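# Survey of secondary and tertiary structure
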Amino acid sequence: MSFRKFEIIFFICFLFCSFEIYSQRDSKNTSETLRFKQLREELPTPTESRLATGAPGPKYWQNRADYSIDVTVDDINQLVTGKETITYHNFSPHTLTYLWVQLDQNIFASDSRAKLMSNAPDYQNITIEQLADKLAIPPNLGYKIEVVQDSKGRVLKKTIYDTMMRIDLPTALLSGQDFVFSIHWNFKINDGKKGGRCGYEFFESDGNYIYELAQWFPRMCVYDDVNGWQHKSYLGRGEFALEFGDYTVNITVPNDHIVAATGILTNPDKVLTTKQLERYNQAKNAEKPIFIVTPEEATENQQSKPNGTKTWRFFAKNVRDFAFATSRKFVWDAASVKIAGNSTLAMSFYPKEGMPLWDKYSTHTIIHTLKVYSRYSLDYPYPVAISVNGPVYGMEYPMICFNGPRPEKDKTYSKATKYALISVIIHEVGHNFFPMIISSDERQWTWLDEGLNSFIQFLTEREFEPNYPSRRGFPSSVVPYMSGGGLEPIMTNSESISQFGNNAYLKPAVGLNILRETIMGRELFDYAFKEYCQRWKFKHPEPADFFRTLEDASGVDLDWFWRGWFFETDPVNIGIQSVTCWKLNPSDPNITKTLAKQQYEKTSQNLTNIKNDTLIKQYYISDKPELKDFYNQYDEYAVTNREIEAYRNYVNNLSESQQKLLQSNQYFYVLEFNNAGGMLMPIIIQVTYKDGSKEVFRFPVELWVKNTVTCTKEIISNQEIIEFQLDPFLETADIDTSNNVFPRKPEVSRFELFRQQQRGGNPMQYQTR
């Protein structure tokens, strides 16, 4: 091979290797810097409908649907029959040729997609109840649509697909036009014990029912600027996307029933007794709950037999849904709460089986919830807020929610039951704000209502009483979830989440708490969060609107946080890799030589020298004086005149301030941190000084901007530090705290002590001979 050919081959190999090295380096740098990359590709492009600030734009629009409904509840056959007239307002800039309506009751039909998509049970561990359900003839549930017609009585063409119905319009609905049509329907009420967000509960002891009716009427789908029609099938988890409107609802029930519903009761004088009406009016100004229907009246009701029906009339203005509950078993109490000068009637409906727990805590919890949520989000605008006890453990609708916990039959209750009731009422009443007013798309983004609501629930619980046993909110509460496997990003569709509660409730709530307490601070966060609530009340926000508003109103760049906490699944696992202590060399030879001698004497005390001093009786040079020279006699740590003179000349050339600096006796600690988890966080370090005092240092997340795997930070101290503790208040959800303390300390675990098992005897006894 010629030398020229060799040169060419060598040059090509050099280029290839260089390309590989730089590619790997660029790939590493790209991976690291992506964590601080702005969310330009992940978020939708701003428009005049939704601005880059996160606010609704000058061209923002949303459609509207007003309802007039007559409904009858058949207490003998558990049947609901209704007819509704819908006035649909097309405020969009588009022409519509068809409308989509939600038929949520169809989820209970035996051939619904929700039923057919369910996996087979574990027959090795199947329960009697599950087996009975498998072998039973499925009930004939779901809507029976009798007729769909326009305002002139002309039948409209309809197409039903699972839980959705398309209505073809006779003529195109232009922008700015309205369309009026009606639907007649009926359905059998499902057994609430078998699941679902509504249903009946039957009491064998007295033969009566409680009905909690939600998703009970065909409702308009949302048509918006983001999705067009939101007509994803209702599969159970993903809840609802709904338009705002006014509701006039007439509910006909047996004449001994008590009805709780969304909106204002417009004919109380027709459905309440004289005494009940008097108490009802008193409750509007009552600071403490008073009975409107007493326990004694409820007992009398549930022992009676109806001899006719009554129609309860309700009106609700600017709500996105309507729900109600009805029973002859209801006790009813109420009190007034003032929010921004407006009075709201807080009310609770429950059977005597709910006492003494419900009469003690329910209405008070509603009042507390409305006050705290109003302070952090927006003033509660509605005239009533209701909590109902029945078959549904926890579910929310405008002005009314269903909650399940009850005392035992002997009227006692556990601590867990007490706080479960208070927490579920806070949570479900809180849903009036998210998503009933700040109306996000629950069918797509569960976290945007459940996560935000769980966060404010946490704040509300903390103000209920000291040391309230909150389940979600503290950063430590998310550690078991983040330490496990099979995680999906928070930004995952509702139906695709495997760990639903952890993903859509817990992790967003904890993330917002970390933002508020650690990253942004309470003042900036509270202002920005409230700005989001004010901007999007009675509108349809998307995740990007939330992300952008919090940054816009606070001035804090949070894209790294949204990316890591919401779009990715990496946990927080940051540790102290090493700590190095530095002190300034004073340059004075009298000091430096003394320190050097001390250091030598310290390092010379090794095992070999210690043993040799004892075991070697005489060194070779001891009896050979001719081998000794200057270096055997010279003290290398003695200070010479030349060194003293050099030091004086050095000092004389320094300014007065520099001379003082030279005398500094401070400690310079350099801490190296390692990010093993991936999710970035600010660095919070608590130091313990030699005198026992402590101090906390906080460094921003941008400490990681050059290198997201390792970073360093110095702490300068006038006194010696004996311990460094990372994340001392457990505020970052770090999944491994074993490397958070330096010097390292062993973490204490506990083990159980078991007794030996005696063959054929009590396993808790010692084995004897």
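Check the entry above for the structure.
Just so you know, these numbers come straight off a predicted model, no measurement behind them. (Residues numbered from 1 in each chain as written. Predicted model: local features only at pLDDT ≥ 70, side-chain atom pairs only at ≥ 80, totals over all residues. Heavy atoms only, no water.)

It is worth spelling out the pattern of salt bridges at this point. Applying the stated criterion across every chain, the model contains 34 salt bridges. Glu353 serves as the salt-bridge partner of Lys329, at 3.2 Å between the closest nitrogen and oxygen. Of this pair, Lys329 sits in the loop between strand 18 (324-327) and strand 19 (331-339) while Glu353 sits in the loop between strand 20 (342-350) and helix 7 (357-376), placing them 24 residues apart in sequence. A residue is classified by how much of its surface remains accessible, and Lys329, at 0% relative accessible area, is buried. (Salt bridge = Lys/Arg side-chain N within 4 Å of Asp/Glu carboxyl O. Helix = DSSP H or I, 4+ residues; strand = E, 2+ residues; numbered from the N terminus. Buried < 20%, exposed > 50% of the residue type's maximum accessible area, 1.4 Å probe, protein only.)

Mapped onto the elements of the fold, Ser92 is located in the loop between strand 2 (79-89) and strand 3 (96-102). The exposure class assigned to Ser92 is buried, which follows from its relative accessible area of 0%. For the pair Ser92 and Asn63, spaced 29 residues apart in sequence, the C-alpha to C-alpha distance is 6.4 Å. One polar contact links Ser92 to Asn90, side chain to side chain, over a distance of 2.6 Å. (Polar contact = N/O pair within 3.5 Å; in protein donor to acceptor, adjacent residues only side chain to side chain.)

On to the sheet that holds strand 3, then. Taken together, four strands build an open sheet; the order of strands is 5-6-3-10 and the sheet is antiparallel. Each edge of the sheet is formed by a strand with only one pairing partner; in this case those strands are strand 5 (158-161) and strand 10 (219-220). In the sheet, strand 3 pairs with strand 6 (residues 164-173) via six bridges, with the strands oriented antiparallel. Its bridge partner lying in strand 6, Trp100 is registered against Arg166. (Pairing = 2+ DSSP bridges.)

Taken as a whole and assessed by the stated rule, the structure comprises 60 aromatic pairs. Ring geometry for Tyr143 and Trp185: centres 6.0 Å apart, planes at 80 degrees, overall edge-to-face. Remark: Trp185 occurs in strand 7 (residues 178-188) and Tyr143 occurs in the loop between helix 3 (128-135) and strand 4 (144-150); sequence separation between them is 42 residues. For the pair Tyr143 and Trp185, a shared accessibility class is recorded, and that class is buried. Summarising the aromatic geometry, the rings of Phe547 and Phe566 are spaced 5.5 Å apart at their centres and angled 70 degrees between planes, so their arrangement reads as edge-to-face. (Phe/Tyr/Trp six-rings, centres within 6.5 Å; stacked < 30°, edge-to-face > 60°.)

Next up on the list: the packing of helix 7 against helix 12 (residues 522-536). The N-to-C vectors of helix 7 and helix 12 enclose an angle of 95 degrees; their axes lie 8 Å apart at closest approach. Between helix 7 and helix 12, the interaxial angle falls into the category roughly perpendicular. Seen from helix 7, the contacting residues are Ser374, Arg375 and Tyr376; seen from helix 12, they are Asp526, Phe529 and Lys530. Tallied by class, the residues present in the contact of helix 7 with helix 12 amount to two nonpolar, one polar and three charged. (Axes fitted to C-alpha atoms, helices over the stretch in contact; angles between N-to-C directions. Parallel < 35°, antiparallel > 145°, perpendicular 65-115°, else oblique. Contact = heavy atoms within 4.5 Å. Nonpolar A, V, L, I, M, F, W, Y, C, P; charged D, E, K, R; others polar.)

A separate point is unusual backbone geometry. Where the residue is not glycine, phi is negative for most of them; where a peptide bond is considered, it is trans in most cases. Pro356 follows Met355 through a cis peptide bond whose omega is 10 degrees. Within the element layout of this structure, Pro356 appears in the loop between strand 20 and helix 7. Residue Pro743 follows Phe742 across a cis peptide bond; omega there is -5 degrees. In this model, Lys411 sits at a positive phi of 75 degrees, which is unusual for a non-glycine residue. Locating Lys411 in the fold gives a position in the loop between strand 23 (400-403) and helix 8 (415-430). For Asn467, which is not glycine, the phi torsion reads 60 degrees and is therefore positive. As for its position among the elements, Asn467 is in the loop between helix 9 (447-462) and helix 10 (479-483).

This part covers the side chain of Asp734. Following the sequence through the fold, Asp734 ends up in the loop between strand 29 (721-726) and strand 30 (741-742). Here Asp734 sits buried without a salt bridge, and the closest side chain of opposite charge, Arg744, lies 11 Å off (N-O distance). Within the structure, Asp734 has its side chain in polar contact with the backbone nitrogen of Ile574 (distance 3.4 Å). Those residues in contact with Asp734 that lie beyond four places of it in its chain are Val479, Val572, Asn573, Ile574, Asp727 and Asn740. (Lys, Arg positive; Asp, Glu negative; His and termini not counted.)

Now for the nonpolar core. If you look at the biggest cluster of nonpolar residues, it comprises 190 residues, and the most contacted ones within it are Phe181, Trp216, Phe546 and Trp565. When residues of this core are assigned to their parent elements, the largest contribution, nine residues, is made by helix 7. Every residue in contact with Trp216, bar those within four places of it in the chain, is listed here: Ile69, Val71, Gln105, Tyr143, Trp185, Phe187, Val249, Phe322, Ala323 and Phe324. (Core = buried A, V, L, I, M, F, W, Y, C linked by side-chain atoms within 4.5 Å.)

Moving on, we get to empty space enclosed by the protein. Following the criterion strictly, the structure yields four cavities of 30 Å³ or more and no others. Taken as a whole, the largest cavity encloses approximately 80 Å³ of empty space. If you trace the largest cavity, you find 14 residues lining it, with Gly263, Leu265, Phe314, Trp332 and Met347 closest to the centre. Of all the elements in the fold, those that place two or more residues in the lining of the largest cavity are strand 14 (258-261), strand 15 (264-265), strand 17 (309-319), strand 20 and strand 21 (384-389). Per-element accounting of the lining of the largest cavity gives the leading share, three residues, to strand 14. A breakdown of the residues in the lining of the largest cavity according to their chemical character gives 13 nonpolar, one polar and no charged. (1 Å grid on protein atoms, 1.4 Å probe; cavity = no way out; pocket = protein on both sides within 12 Å on 5 of 7 lines; lining within 4 Å. Points joined across faces, edges and corners; volume = space filled by probe spheres on them.)

This brings us to the state of the cysteines. With the rule as written, the count across this model stands at zero disulfides. No disulfide involves Cys198; its sulfur sits 15 Å from that of Cys401, the nearest cysteine. Judged by its relative accessible area of 0%, Cys198 is buried. (Disulfide = S-S within 2.5 Å.)

This paragraph deals with a nonpolar patch on the surface. Together, Tyr123, Leu131 and Leu135 make up an exposed nonpolar region whose accessible area comes to about 350 Å². Along the chain, Tyr123 falls in the loop between helix 2 (113-116) and helix 3. Note on Tyr123: relative accessible area 52%, which makes it exposed. (Patch = residues over 30% accessible without salt bridge, like charges linked within 9 Å, V, L, I, M, F, W, Y side chains within 5 Å. Areas by Shrake-Rupley, 256 points an atom, 1.4 Å probe, with all protein chains shown as cover.)

With that out of the way, let us pick up the layout of surface pockets. When its volume is computed, the largest pocket comes out at roughly 1,200 Å³. If you trace the largest pocket, you find 32 residues lining it, with Ile107, Phe108, Lys115, Asp133 and Lys194 closest to the centre. Tallying contributions element by element places helix 3 first for the lining of the largest pocket, with three residues. Its residues assigned to classes, the lining of the largest pocket shows 13 nonpolar, ten polar and nine charged. In this structure, the second largest pocket encloses a volume near 540 Å³. If you trace the second largest pocket, you find 25 residues lining it, with Tyr393, Val424, His427, Arg471 and Arg472 closest to the centre. Going through the elements one at a time, strand 22 (394-397), helix 8 and helix 9 are the ones with two or more residues in the lining of the second largest pocket.

We now examine the sheet that holds strand 14. Ordered in space as 8-9-18-14, the four strands form an open sheet in which the pairing is antiparallel. On the outer flanks of this sheet lie strand 8 (199-203) and strand 14, each paired with one strand and no other. For this sheet, the mean angle separating the axes of adjacent strands, direction not counted, is 10 degrees. The pairing of strand 14 with strand 18 spans four bridges and is antiparallel. Looking at strand 18, one finds that Val259 is bridged to Thr326.

For the rest of this paragraph, the subject is helix 9. The α-helix winds at 3.6 residues per turn, so residues separated by three or four positions along the chain end up facing the same way. Taking 1.5 Å of rise per residue, 16 residues should cover 22 Å, and helix 9 covers 21 Å from first to last C-alpha, within 8% of that figure. Among the 16 residues in helix 9, 15 count as buried, and that is most of the element. (Expected span 1.5 Å × (residues − 1).)

Note on placement: Arg50 falls in the loop between helix 1 (3-33) and strand 1 (64-74). Engagement of the side chain of Arg50 in a polar contact is seen with the side chain of Asp225, the distance being 2.9 Å. Excluding anything up to four places from it in sequence, Arg50 contacts Ala55, Gly57, Tyr60, Asp225, Val226, Trp536, His540, Pro541, Glu542 and Asp545.

Running from N to C, helix 13 (residues 543-554) and helix 14 (residues 559-567) cross one another at 150 degrees; their axes reach a closest spacing of 11 Å. Handedness of the crossing formed by helix 13 with helix 14: right-handed. Between helix 13 and helix 14, the contacting residues are Phe546, Phe547, Leu550 and Glu551 on the first element and Asp559, Trp562, Phe566 and Phe567 on the second. Within the contact of helix 13 with helix 14, the residues separate by chemical class into six nonpolar, no polar and two charged. (Left-handed = near helix turned anticlockwise from the far one by under 90°.)

Remember that the coordinates give geometry; whether it matters functionally is a separate question.
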